[in-house]
Amino acid sequence: MSGIPAVSSRLSMPEKVKRSHRDRLAIVYIRQSTMQQLERNQESTRLQYALVERAVQFGWPRERVVVIDDDLGCSGSSAEGRLGFQRLVAEVGLDHVGLVLGIEMSRLARSCRDWHQLLEICALFDTLIADVDGVYDPASYNDRLLLGLKGTMSEAELHIIKARMEAGRRAKAQRGELGKTVPMGYVRLPSGEVALDPDAQAQATIRLIFNLFDRFRTVNGVLTYLVAHDIQLPVRARWGPRKGDLEWHRPNRPSLYNLFVNPIYAGVYAYGVRQVDRRRQRPGRPGTGRGSPRPENAEVFLLDRMPAYITLEHYQRNRAQIAANRADRTGPVRAGQALLSGLLVCGRCGLRMNAHYNNNGGALRYSCDRMASDYGEAVCQSLMGASVDALVAELVLQALQPAALEASLAVAGNLEVERAELDRHWRQRLERARYASERARRQYDAVDPDNRLVAGTLERVWEEALGEEAKLADAYAQFQRDQPSVPDAAELAQLRELATDLPGLWAAETTTQADRQTIVRMLLERVLVEVVDDSEQVRVQCHWHGGHRTAHTLIRPVAKLSALTTYNQLLERAADLRRAGGSYTEVAETLNAEGWRPAKRRTTFNEQMVYRLLSKTGVVKPRYRRAPVDLPREADEWTVRELAAEIGMPEATLYGWVQQGRLRSRRIPVGRGYANLVHADASTIANLKAIRATPAPWHRRPPVVEDDRSPTIES
């Protein structure tokens, strides 16, 4: 027969083929590894289809022979994605198959795992396997041994082919001659060389993106800018009828990230930048399983082999900035009032401190609470952020003072260059639209007027091109109106004058907190803080870029006077002044003149503060220990001032709790006004004193009153 291999003419009925086998189906499995093999190696495909005649010679009716060719163009390295092989295994497992035919064992599987799984199922359901060399019974030891050897050879052959191809690919890459897909901004010439994109606008756009990253220092900042100014990315079509044509796509984060981490833009030929994780690979999809680009792990890294947009140092600086922007590192500039967000490090445990906001974002606090969040431990340390930010801002301004004028002029020059680049980008887009409309007009003029079908189509294309040109012209005019003018000589002189007043420029309303954070990050690598014994003393160590370190001591606000390291000396000094006959006002003025400072809220002492301080020493007695007898009171009722003096806490705090309903109180008329009487029995007072004596975390919850019963104090 014409469609059967030559060996089939000598076939006789094999002894292994029995009636029980012929009562079931015979399956002919056909596979070619790639579509290219299917197109070019048609003889192999013809021989595989001719196995139907071989099954007929073995005694199967032609209608009982099933051809499975679903896997044409699929690799046999794995069963995943091979629907035909999966169907074959399922039919054998259902006891529907008596014979499986393949041109050779490598057509069925090139993986020992899949091959031996098929052998086990065939042996279990008494299914024979046949190729051009003979018929095998997987249940027979000798046949099983031979089939296993053929499967092992098929898998080894695949590995040898892959290893040979990989060795050749690596050798070619080491010479810098292995052709790879080039990213946007580049083209591959017919000679195989890589060159910059010949389109001037495409080159200008790539350079603009790198300049924007130097300014914003984050991928998101560049993306936001491109979207706001309607700047698109130049991409060459890789397939389809327009292959090689320049297309303009909307900017996106993955494309920008790949642009910043790809070493080709620094003139480097790199191979093996993306390591392959075999656990994530999918059969039939060679591009899957690739990790993030890591040029430091590249197998080949050849300098000055490609035309470059930036220098190698510039590329390394960009990669370092992207790495620093990660959440587990310094991170990008963040929203909020925290000047040192991402830079502040705990001087005790070495973990990064987080910024928290209280009072609707008005009160900033830095806290080392990572261990508390992850393991439930106590907060390592925390402090108000205003004092730390003020110290660092002062240090930064001192460091910037010598270069203030040069920096201001550089900023003005950069702004002028940026405006020029944007204007050039818009003019190039407008020029491209004019060319498209002019080309459409020439095509319309060249067509025969009698050919109305073609003329109508070209006329419509011309009208669309003219509309696109008009729309771009309007957008360009709007862009020119929105852009501020280039600073003239008077404005530059004003800028020089402002540069001499850096503190005023730093505190100006036009300077955003993001701008301040960016400036700090340019100068400082990190800032270590350590609160000394929970007192007002804070050690601050600044690590500047370049390796320089400076140590400072900071006085922070604390919750109460007793937390001050000089508390005992302050008590003694105030008592001595009072015993010497000074009034409360005179004592306060003397303490302020000698440099004594309160714990928080104020920078100077006043009469009331001196009185409360001296009342704790016993030098003076509290003015109100009991309520006046003329107030109509019930049992265990106090005025706010009496209860505050009894507990030893500020009246403002206690009054706030009363106003919030945390303590049960009632309002009674007294003369022309009113007075609040607070209910507090012995147990309530004891609980309040315990709260007062306990070092409070940030959020101290005052007592909560749910009904008319005595309030429960929560510590």
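Residues numbered from 1 in each chain as written. Predicted model: local features only at pLDDT ≥ 70, side-chain atom pairs only at ≥ 80, totals over all residues. Heavy atoms only, no water.

Asker: Go over the sheet that holds strand S17 (residues 537–544) with me, naming the residues and quoting the values.
Answerer: Strand order in the open sheet made by the 4 strands is S12-S16-S17-S18, with mixed pairing throughout. Each edge of the sheet is formed by a strand with only one pairing partner; in this case those strands are strand S12 (344–346) and strand S18 (549–555). Adjacent strand axes in the sheet meet at a mean angle of 25 degrees when their direction is disregarded. Where helix H14 (residues 385–400) meets the sheet, it contacts S12, strand S16 (524–531), S17 and S18, and its direction lies at approximately 140 degrees from that of S18. The strands that helix H19 (residues 513–523) touches are S16 and S17; relative to S16, the one it contacts most, it runs at about 95 degrees. (Pairing = 2+ DSSP bridges. Helix = DSSP H or I, 4+ residues; strand = E, 2+ residues; numbered from the N terminus. Axes fitted to C-alpha atoms, helices over the stretch in contact; angles between N-to-C directions. Contact = heavy atoms within 4.5 Å.)

Asker: Describe the sheet that holds strand S14 (residues 363–368), with residues and values.
Answerer: The strand order across the open sheet built from 3 strands is S13-S14-S15, with neighbouring strands paired in antiparallel fashion. This sheet does not close on itself; its edge strands, each paired only once, are strand S13 (354–358) and strand S15 (381–384). Strand-to-strand twist of the sheet, defined as the mean angle between neighbouring strand axes without regard to direction, takes the value 25 degrees. Here S14 pairs with S15 via 4 bridges, running antiparallel. Across the sheet, the residue bridging to Arg365 is Met384, located in S15. Docked against the sheet, H14 engages S14 and S15, running at close to 75 degrees with respect to S15.

Asker: A description of the environment of Arg250 should follow, citing residues and the corresponding values.
Answerer: Here Arg250 shows up in the loop between strand S9 (246–249) and helix H11 (253–261). Each C-alpha atom of the pair Arg250 and Val227 lies 8.0 Å from the other, and the pair is 23 residues apart in sequence.

Asker: With reference to specific residues and values, describe the packing of aromatic side chains.
Answerer: In the structure shown here, the tally under the stated rule is 9 aromatic pairs. Here Phe213 and Phe260 contribute two aromatic rings whose centre-to-centre distance is 4.4 Å and whose plane-to-plane angle is 35 degrees, an arrangement assigned as tilted. Of this pair, Phe213 sits in helix H9 (residues 200–216) while Phe260 sits in helix H11, and the two are 47 residues apart along the sequence. Just as Phe213 is buried, Phe260 falls in that class too. Within the aromatic cluster, the residues linked to one another by ring pairs are Tyr186, Phe210, Phe213, Phe260, Tyr265 and Tyr309. Its guanidinium or amino end placed over the ring of Tyr269, Lys180 lies 5.1 Å from that ring's centre, counting from NZ or CZ. One cation-aromatic arrangement involves Arg429 over Trp426; the distance from NZ or CZ to the ring centre is 4.9 Å. (Phe/Tyr/Trp six-rings, centres within 6.5 Å; stacked < 30°, edge-to-face > 60°. Buried < 20%, exposed > 50% of the residue type's maximum accessible area, 1.4 Å probe, protein only. Lys NZ or Arg CZ within 6 Å of the ring centre and 35° of its normal.)

Asker: Can you tell me about a nonpolar patch on the surface, naming the residues and giving the values?
Answerer: Side chains of Leu146, Leu149 and Met153 sit close together on the surface and give an oily, nonpolar patch of about 280 Å² of accessible area. Secondary-structure assignment places Leu146 in helix H8 (residues 141–174). (Patch = residues over 30% accessible without salt bridge, like charges linked within 9 Å, V, L, I, M, F, W, Y side chains within 5 Å. Areas by Shrake-Rupley, 256 points an atom, 1.4 Å probe, with all protein chains shown as cover. Salt bridge = Lys/Arg side-chain N within 4 Å of Asp/Glu carboxyl O.)

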